[in-house]
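Each chain is listed here by its residues.
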Amino acid sequence: MSSKKAKDREGAKTRGAFDLSSFDIADPELPEEIADEALTSGGFPYDKRLKRKAYETEIEPLQIELLKLQSSIASRKERLVAVFEGRDAAGKGGAIARLTQHLNPRHAHIVALTKPTEAERGQWYFQRYVVQLPTAGDMVLFDRSWYNRAGVERVMGFCTPEEVTRFLAEVPELESLLVRDGIKLVKFFLSISRETQLKRFHTRHHDPLKRWKLTAIDLAAINKWDDYSRAQEEMFAATHTKAAPWTVVRANDKLRARLGVIRHVLSVCDYEGKDKKAVGAPDPKIVGSGGTFFKTG
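Residues numbered from 1 in each chain as written. Predicted model: local features only at pLDDT ≥ 70, side-chain atom pairs only at ≥ 80, totals over all residues. Heavy atoms only, no water.

### As for the pattern of salt bridges
As a reminder of what qualifies: The salt bridge criterion pairs a side-chain nitrogen of Lys or Arg with a carboxyl oxygen of Asp or Glu, the two atoms within 4 Å. Only protein chains enter the accessibility calculation, which uses a 1.4 Å probe; a residue whose area is less than 20% of its type maximum is buried, one above 50% is exposed, and one in between is partly exposed.
By the definition in use, this model includes 15 salt bridges. Residues arginine 76 and glutamate 78 are paired through a salt bridge, measuring 3.7 Å at the closest nitrogen-oxygen approach. Two residues, aspartate 253 and arginine 256, come together in a salt bridge whose shortest N-O distance is 2.8 Å. On the basis of relative accessible area, aspartate 253 is assigned to the buried category, the value being 2%. Since its relative accessible area comes to 15%, arginine 256 is described here as buried. If you follow the salt bridges from partner to partner, you end up with Arg76, Glu78, Asp270 and Glu272 in one network.

### Quick word on the confidence of the model for the protein
To keep it simple, the criterion reads: Values of pLDDT, ranging from 0 to 100, describe the predictor's confidence in every residue of the model. The contact criterion used is simple: two residues touch if any of their non-hydrogen atoms lie within 4.5 Å.
Averaged over every residue, the pLDDT of the protein is 93; residues scoring 70 or more account for 93%. Contacts from residues 1-16, a stretch scored under 50 in pLDDT, to residues over four places away or in other chains number 16 contacts.

### Description of the packing of aromatic side chains
Put simply, the rule is: Side-chain rings of Phe, Tyr and Trp (the six-membered ring for Trp) are treated as a pair once their centres are within 6.5 Å; stacked means planes under 30 degrees apart, edge-to-face means over 60, and tilted covers the remaining angles. Numbering of helices and strands starts at the N terminus; helices are DSSP runs of H or I of at least 4 residues and strands are runs of E of at least 2. Distance and angle both matter: a charge sits over a ring if NZ of Lys or CZ of Arg is within 6 Å of the ring centre and within 35 degrees of the ring normal.
Applying the stated criterion across every chain, the model contains 17 aromatic pairs. Measuring from ring centre to ring centre gives 5.9 Å for phenylalanine 236 and tryptophan 246, while their planes differ by 80°; the resulting arrangement is edge-to-face. Highlighted residues: phenylalanine 236 in helix H11 (residues 225-239) and tryptophan 246 in strand E5 (residues 246-250), separated in sequence by 10 residues. Of the two residues, phenylalanine 236 and tryptophan 246, neither departs from the other in class, the shared state being buried. An aromatic cluster of at least three residues, connected via ring pairs, comprises Trp124, Tyr125, Phe126, Tyr129, Phe142, Trp146, Tyr147, Phe167, Phe189, Phe236, Trp246 and Phe294. When the ring centre of phenylalanine 293 is taken as reference, the NZ or CZ atom of arginine 250 above it lies at 4.0 Å.

### So, the nonpolar core
One recurring pattern in soluble globular proteins is that nonpolar side chains are buried together. Short version of the rule: For the purposes of this section, nonpolar cores are sets of buried Ala, Val, Leu, Ile, Met, Phe, Trp, Tyr and Cys residues that join through side-chain atoms within 4.5 Å.
Counting 38 residues, the largest nonpolar core has Leu69, Phe84, Leu99 and Leu190 as the members making the most contacts within it. Put simply, the parts of the chain that give this core at least two residues each are helix H3 (52-76), strand E1 (79-86), helix H4 (92-100), strand E3 (139-143), strand E4 (183-191) and helix H12 (254-268). In this view, leucine 190 contacts Phe84, Glu85, Gly86, Arg87, Ala90, Gly91, Lys92, Ala95, Val249, Ala251 and Val261; residues no more than four positions away in its chain are not counted. Membership of the second largest hydrophobic core comes to 29 residues, among which are Val140, Tyr147, Ala150 and Phe236.

### Looking at the sheet that holds strand E6 (residues 287-288)
The cut-off we apply is this: Strand pairing is assigned whenever DSSP identifies at least 2 bridges connecting the two strands. Throughout, an axis means a line fitted to C-alpha atoms (over the contacting stretch in the case of helices), and angles, computed between N-to-C directions, take values from 0 to 180 degrees.
Across the sheet, which stays open at both edges, the 6 strands sit in the order E2-E3-E1-E4-E5-E6 with mixed pairing between neighbours. The open sheet is flanked by strand E2 (108-111) and E6, the only strands paired with a single partner. One ladder, built from 5 bridges, connects E4 with E5; its direction is parallel. When the bridges of E5 are listed, lysine 187 appears paired with tryptophan 246. Relative to the sheet, H12 contacts E1, E4, E5 and E6, its axis offset from that of E4 by approximately 160°.

### So, a positive patch on the surface
For clarity, the threshold we go by: To count toward a patch, a residue needs a relative accessible area over 30% and no salt bridge; like charges are then connected within 9 Å, while nonpolar side chains (Val, Leu, Ile, Met, Phe, Trp, Tyr) are connected within 5 Å. In this description, accessible areas are obtained by the Shrake-Rupley approach with a 1.4 Å probe, and a residue is regarded as covered only by the protein chains that are shown. Only four residue types enter the charge count: Lys and Arg as positive, Asp and Glu as negative, with His and the chain ends excluded. Note that the charge is assigned to NZ on lysines, CZ on arginines, CG on aspartates and CD on glutamates.
A surface patch of positive charge is lined by Arg49, Lys210, Lys213 and Lys254. Residue placement: lysine 210 occurs in the loop between helix H9 (194-206) and helix H10 (216-221). Take lysine 210: its relative accessible area is 32%, and that puts it in the partly exposed class.

### Details of the packing of helix H8 (residues 161-180) against H11
Put simply, the test is: Comment on the angle field: the value is read as roughly parallel under 35 degrees, roughly antiparallel over 145, roughly perpendicular from 65 to 115, and oblique elsewhere. In this scheme the handedness of a crossing depends on how the near helix is turned from the far one: anticlockwise by less than a right angle means left-handed, clockwise means right-handed. Following the grouping adopted for this structure description, the nonpolar residues are Ala, Val, Leu, Ile, Met, Phe, Trp, Tyr, Cys and Pro, the charged ones are Asp, Glu, Lys and Arg, and the polar ones are all others, Gly among them.
Viewed as axis vectors pointing N to C, H8 and H11 meet at an angle of 45°, and their least axial separation amounts to 9 Å. Between H8 and H11, the crossing angle belongs to the class labelled oblique. Here H8 and H11 pass one another in a crossing that is right-handed. Every residue of H11 that contacts H8 at Leu168, Val171, Pro172 and Glu175 is listed here: Met235, Ala238 and Thr239. Considering only residue class, the contact of H8 with H11 consists of 5 nonpolar, 1 polar and 1 charged.

### A few points about H12
To keep things clear, this is the line we draw: Here a helix's expected span is defined as the number of its residues, less one, multiplied by 1.5 Å. The definition of a polar contact used here is a pair of N or O atoms within 3.5 Å, where within protein one atom must be able to donate a hydrogen and the other to accept one, and adjacent residues in sequence count solely through side-chain atom pairs.
With 15 residues, H12 should reach 21 Å at 1.5 Å per residue; the first-to-last C-alpha distance of 21 Å fits that figure. Within H12, 12 of the 15 residues are buried, leaving the element largely enclosed by the surrounding structure. For H12, the full list of buried residues reads Leu255, Arg256, Ala257, Arg258, Leu259, Gly260, Val261, Ile262, Arg263, His264, Val265 and Leu266. The N-cap of H12, judged by a side-chain oxygen 3.1 Å from the amide nitrogen of leucine 255 a few residues on, is aspartate 253.

### Regarding the pairing of E3
The buried fraction of E3 amounts to 4 of the 5 residues, a majority that puts the element mostly inside the structure. Judged from the 5 bridges that link them, E1 and E3 form a sheet pairing that is parallel. Bridge assignment links valine 81 to a residue of E3, and that residue is valine 140. Inspection of the sheet shows E2 paired to E3 by 4 bridges, in the parallel sense. Within the sheet, the bridge partner assigned to histidine 109 lies in E3 and is valine 140.

As structure tokens, then:
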């Protein structure tokens, strides 16, 4: 390690926080203060990760319950929509993958839209999302959703302040309409600390099998943490409603987050053959709504 890097890291430790200027994503060596503090930073309530063996023991009965839920949705001709939002590298895709792992893909659809086409930019903002909503008997999981407007589009300047204001006023009305029409709507926000995000970005950059996940937008987000925090707080304030509340999942530990997501879905859904003992209850230290859980760092 160079003397400059050592000095930077020692200075960061003295201040009690890492020095972002010492972070170089191209450097194969992750700064110690990020590696050491990634799990417990941001108020995460556990100092050790969940063991893989314990996770596998817990997730199997939950995935069996998910199959019961899917079967019940099909037989009752119900519709389920789950929205997954969160900072870049929060683990949205991994949580969705484990939730849908053993489900029938014909009736459990994952929607991860790319940037709007020229035609879509000329449409009603919600139009390209509305066409993805499920028919009777199906579920749809959005890996990012219409809330792009409240987050990345706003922070990166892809829309105007007036468009953001209109969006925040209109989305509660839209979601209320969906719920009144019979859709079961669940909204997740996966929350991670800044250290965790940097560690995951670094891993993606240096792993050839994960590098595709790291985009130019992700890299730009490194210096816009506070901008995203302000945007998220306004989003929660405007769109956390009785009809469509936000559920925040503390996701510094991916395994705990995945279990929390699945347990929450099963807990809020009524379905045939439900085994309440197998479902249990989401860990209240990991899954919550409002107050402390809405703090974004």
